[in-house]
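One-letter residues, chain by chain:
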Amino acid sequence: MDMNTALILETMGWLGVVAYVLAYLLLTIGVLKPNGYPFHILNMVGAANLIAYSLEYGDKPNVAVNVIWLMIGIGAVARRLKRKSSGHL
C-alpha cells in the first residue's frame, strides 16, 4: 500500500470514529433524536468509513460489527422513508 492510500484509509478510520462519537454525543445532549435522519446518517457514515479501514487491515470482528451497524442504519432510514411516503410519521 502506498503512502497516499494509507493516509486516506487512516483519515477514513478517524472520520468513522468522529461520526460515531458525534452521533452519540448529540443524541445524549438532546440535539439529535434517536429516530431522526441525522442520527442514522452519522452512524452510517461512521460504519462505512470503519468498514473500509478495517477491511484493509484484516480486522474481521470490526468489519462484522460495522456491517451490522450499517445495515441497522439503512433499515431504520428505509422504514422512516416508507412511513413518510405513506403519510405515517
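Calculation rules
Residues numbered from 1 in each chain as written. Predicted model: local features only at pLDDT ≥ 70, side-chain atom pairs only at ≥ 80, totals over all residues. Heavy atoms only, no water. Phe/Tyr/Trp six-rings, centres within 6.5 Å; stacked < 30°, edge-to-face > 60°. Helix = DSSP H or I, 4+ residues; strand = E, 2+ residues; numbered from the N terminus. UniProt positions renumbered as here; feature names shortened; annotations may be inferred. Patch = residues over 30% accessible without salt bridge, like charges linked within 9 Å, V, L, I, M, F, W, Y side chains within 5 Å. Areas by Shrake-Rupley, 256 points an atom, 1.4 Å probe, with all protein chains shown as cover. Salt bridge = Lys/Arg side-chain N within 4 Å of Asp/Glu carboxyl O. Buried < 20%, exposed > 50% of the residue type's maximum accessible area, 1.4 Å probe, protein only.

With that settled, the discussion passes to the packing of aromatic side chains. The full count for this structure, using the stated rule, is 2 aromatic pairs. Here the aromatic rings of Y53 and Y57 are separated by 4.9 Å at their centres, their planes lie at 45°, and the arrangement is tilted. Of this pair, Y53 and Y57 both sit in helix α2 (residues 37-57), 4 residues apart, which is roughly one turn of the helix.

Further remarks concern the UniProt feature "domain: CBU-0592-like" (unreviewed entry) in the chain. Within this numbering scheme, the UniProt entry marks residues 10-83 as carrying the feature "domain: CBU-0592-like" (unreviewed entry). The span residues 10-83 is 86% helix and 0% strand, and its two end C-alpha atoms sit 37 Å from each other.

Sites flagged by UniProt as "transmembrane region" (unreviewed entry) map to residues 12-32 and 63-81. Secondary structure content for residues 63-81 is 100% helix and 0% strand, while the C-alpha to C-alpha distance between its ends is 27 Å.

The next point concerns a nonpolar patch on the surface. Together, V18, L22, L25, I29 and V31 line one region of the surface with nonpolar side chains, adding up to about 450 Å² of accessible area. Tracing the backbone shows V18 in helix α1 (residues 3-28). Classification of V18 by relative accessible area gives partly exposed; the value is 49%.

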